[in-house]
Amino acid sequence: MIRINDILDQIHSYMPDADTSLVEKAYVYSAKVHDGQTRLSGEPYLSHPLAVAFILSQQRLDLASITAGLLHDSVEDTLATIEELEKMFGKDVARIVDGVTKISQIEFQSKIQKQAENIRKMILAMSKDIRVLLVKLADRLHNMRTLQYQKEYKRIKIARETLDIYAPLASRLGIDWMKRELEDLAFSFLYPEEYHELRQEVKTRLGQRKGYVEEVQEIISKKMAEYSLSCRVLGRPKHIYSIFRKMRRQNVTLDEIYDLIAFRIILKSVTECYEALGIVHALWKPVPGRFKDYISLPKANMYQSLHTTVIGPYGERMEIQIRTEEMDKIASEGIAAHWLYKEGKIISKNQARQFDWLKRLMEWQKELEDPREFLESVRMDLFPDEVYVLTPNGEIKEFPTGATPIDFAYAIHTEVGHHCAGAKVNGKMVPLKYRLQNGDVVQIITSKHHVPSRDWLKIAKTSKARARIRQWIKTEEREKSLVLGKDLCAREFKKHRLNFNEFIKSDAEEIASSLSFKTVDDMLIATGYGKISPSQIVRKYLRTKHGEDFELKEAEVQTQTRAKKPSKEGILIHGHDDIMIHLAKCCTPVPGDEVVGYITRGRGVTIHRETCPNVAALEPDRKVEVTWTTDNNVNYPVKLNVITADQKGMLAAVSNAISAAEANILEAKVTTTPDQSAHFTFLAEVRDGDHLKKVVSGIKKVGGVMRVARQASN
């Protein structure tokens, strides 16, 4: 257990003359209010705020942050109040504790609407004082280190939000060591089998390659010494989760990961870094396209380094990073390497760009009303991988990896984006789906006759471009749906010998309001979309005129309202009756998956998994909330990708495992690869998510199976 003296010693190691009386006072206060409380581990509760404060002192933060670390749970878990803290410890500390308390009350694993609103609250809290987030990250890190004492469902929930929200936030602040630890801890709780198996394999391989690492370090050191360059050479293994993510993303095995170890050359100056790069490239052949200069174009979180991949000793690929001591410190500690804040506000203009992403999130949280669009913009801004391109005038523009000329056009101006007809990159015409590369000079060609296409959503990467494209499509769709809605309603009114024009003039507003629409146009647009039927409007109108007990004639009851009931697929659509249901073939949802419905004219509602890549391109206005029911006996098709060793009997063994798990195989495809592995794609029927887990678990137990994954989409 951390002691208060450990924290004070740490503070004095970087602030020798600091007056720590406020920290000591906070320790006494925290001990008093938490007296008698214990953690799930059985330790006194005080051990937690002490650990959080120590993590903050290790990051060399200011006294207000460390004091807030000691007090961060006092308002939430004791009778202490913010007013009392402000009186005793000052406004600074009270504001940080208040912000951390609000973030701690956020529940991330929730429905889309609630999740989006909670993330909005967190963005607002950390935008007022970034130290709020630094204390919360320290709090989350210690909670993750002791997560084993929680119940399983809580472990999974907390680990998931750590991986989705807090690790990316640590990365955005440039705190690499914390991001790595948070990711590995979350991985160990979310995928315990995969984590322990991969960790052991990596440990074994690193042990076997110890001699290789020492040999490379010696070669580099000697070569640099020949050119009178003094340096440190490190060989650092990649962290477990990054290896797992790369294996999953590239669909490869551990044997195919060539850069388990990244070598780092640390020198004194920027000039020496570029000189060292030339020496390395003269020593070993560089791999084309694998060089990145983050010194001249730093990442948004202030990260700077030269990255290159070379063919090293024994013909193996080798990643080498070259940077100064100062850059290495910033790469590990991020914002904490240089304290940029006074009372939580930026005081360094040169480094203010590190928080451009936070400004963007603030803008989106105000502008994007649809929760799914907002969450998408959050995810895109939290998982950055930048490329830097130039305008014809030499202005640098920053974009996420994979960005296209469409993103560039919308970054210039919305109207330029709307009328983008083509693009020139480095003087040559390129297709709009061209992926921008570092250093590209981009020129947009416009035409007043060109307008956005729904296909643009598939290739645009930035939040701004996608939001503007959707906005344009939404306006166009609304106009078309308004015309169609009027036409459908006019026909329905005529069928019942009613005057639609008279209805619009006299009663339409009342009926629209009774059906929960703000305007008559909104009601007619919803009719055009297929969200409500014209007969519902007619029925509501007649019942308003003749009383709620009014019944339509027998010939007119085809669309009469019935009690909402689940479809044969086990789906209940909120607020809609008698609509056809289709399960999307691209992502094959099963009960237990988070799902979303999408209304298609003439085809009813298609059900997609929330994580389906195709959902991002869907029009938000046509999405409807849907849930699974539990009282149906339906089997659902699901696609599984299985990679095994290419050996006799594997197809039979995997098929038997699926059958043993009581699942029916509808289809099986097999391909083999030159690396002696076999790739199977199975289409199997399962009852729900739990049944699917049972099937996957059974397959993993088959000897020779290297990987099992559910196919995200076709």
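Rules used in this analysis
- Residues numbered from 1 in each chain as written.
- Predicted model: local features only at pLDDT ≥ 70, side-chain atom pairs only at ≥ 80, totals over all residues.
- Heavy atoms only, no water.
- Helix = DSSP H or I, 4+ residues; strand = E, 2+ residues; numbered from the N terminus.
- Buried < 20%, exposed > 50% of the residue type's maximum accessible area, 1.4 Å probe, protein only.
- Contact = heavy atoms within 4.5 Å.
- Areas by Shrake-Rupley, 256 points an atom, 1.4 Å probe, with all protein chains shown as cover.
- Pairing = 2+ DSSP bridges.
- Axes fitted to C-alpha atoms, helices over the stretch in contact; angles between N-to-C directions.
- Parallel < 35°, antiparallel > 145°, perpendicular 65-115°, else oblique.
- Left-handed = near helix turned anticlockwise from the far one by under 90°.
- Nonpolar A, V, L, I, M, F, W, Y, C, P; charged D, E, K, R; others polar.
- Expected span 1.5 Å × (residues − 1).
- Arc of directions from axis to C-beta.

Peer 1: Tell me about the overall build of the protein, residues and numbers included.
Peer 2: The secondary structure content of the protein amounts to 28 helices and 23 strands. Counting every position in the protein, which comprises 714 residues, the buried fraction comes to 49%. Within the protein, contacts between residues separated by at least 24 positions form 67% of all contacts whose residues are at least 6 apart in sequence. Of the accessible surface of the protein, which amounts to about 35200 Å², a share of 50% is contributed by carbon and sulfur atoms.

Peer 1: Summarise the sheet that holds strand β20 (residues 636-645); cite the residues concerned and give the values.
Peer 2: The antiparallel open sheet is built from four strands, whose spatial order is β21-β22-β20-β23. At either end of the open sheet lies a strand with only one pairing partner, and these are β21 (664-673) and β23 (705-710). The mean inter-strand angle of the sheet, taken between neighbouring strand axes irrespective of direction, is 20°.

Peer 1: Summarise the packing of helix α3 (residues 47-58) against helix α4 (residues 63-71); cite the residues concerned and give the values.
Peer 2: Between α3 and α4, whose axes approach to 7 Å, the crossing angle comes to 160°. If you check the angle between α3 and α4, you find them roughly antiparallel. Between α3 and α4 lies a crossing of right-handed hand. Mapping the contact onto sequence places Pro 49, Leu 50, Val 52, Ala 53, Leu 56 and Ser 57 in α3 and Ser 65, Ile 66, Gly 69 and Leu 70 in α4. For the contact of α3 with α4, the class distribution of residues is seven nonpolar, three polar and no charged.

Peer 1: Break down helix α12 (residues 192-208) for me, with residues and values.
Peer 2: Here α12 is 17 residues long and its end C-alpha atoms lie 24 Å apart, about the 24 Å a rise of 1.5 Å per residue gives. Every buried residue belonging to α12 is among Tyr 195, Leu 198 and Val 202, and all of these are buried. End-on view of α12: buried residues confined to an arc of 80°, all on one side of the axis. Summarising the geometry of α12, the exposed residues directed more than 90 degrees from the buried face are Glu 193, His 196, Glu 197, Lys 203 and Gln 208. Turning to α12, the residues buried within the fold contact α11 (176-190) and α14 (240-250).

Peer 1: Report on the packing of helix α10 (residues 152-172) against α11, specifying residues and quantitative values.
Peer 2: At a minimum axis distance of 9 Å, the contact between α10 and α11 shows a crossing angle of 160°. Considered as vectors, α10 and α11 are oriented roughly antiparallel to each other. α11 is crossed by α10, and the crossing has left-handed handedness. Judged by residue contacts, Arg 155, Ile 156, Ala 159, Arg 160, Thr 162, Leu 163, Tyr 166, Ala 167, Ala 170 and Ser 171 of α10 engage Met 178, Lys 179, Leu 182, Glu 183, Ala 186, Phe 189 and Leu 190 from α11. Considering only residue class, the contact of α10 with α11 consists of eleven nonpolar, two polar and four charged.

Peer 1: Give a description of the sheet that holds strand β11 (residues 420-425) that names residues and reports values.
Peer 2: Read across the open sheet, the three strands follow the order β12-β11-β13; overall the sheet is antiparallel. In the strand order of this sheet, the two ends are held by β12 (428-430) and β13 (442-446), each with one partner. Sheet twist, expressed as the average angle between the axes of neighbouring strands with direction ignored, equals 35°. Relative to β13, β11 runs antiparallel, the two being bridged by five bridges. When the bridges of β13 are listed, Cys 420 appears paired with Thr 446. Docked against the sheet, helix α19 (residues 405-412) engages β11, β12 and β13, running at close to 80° with respect to β13.

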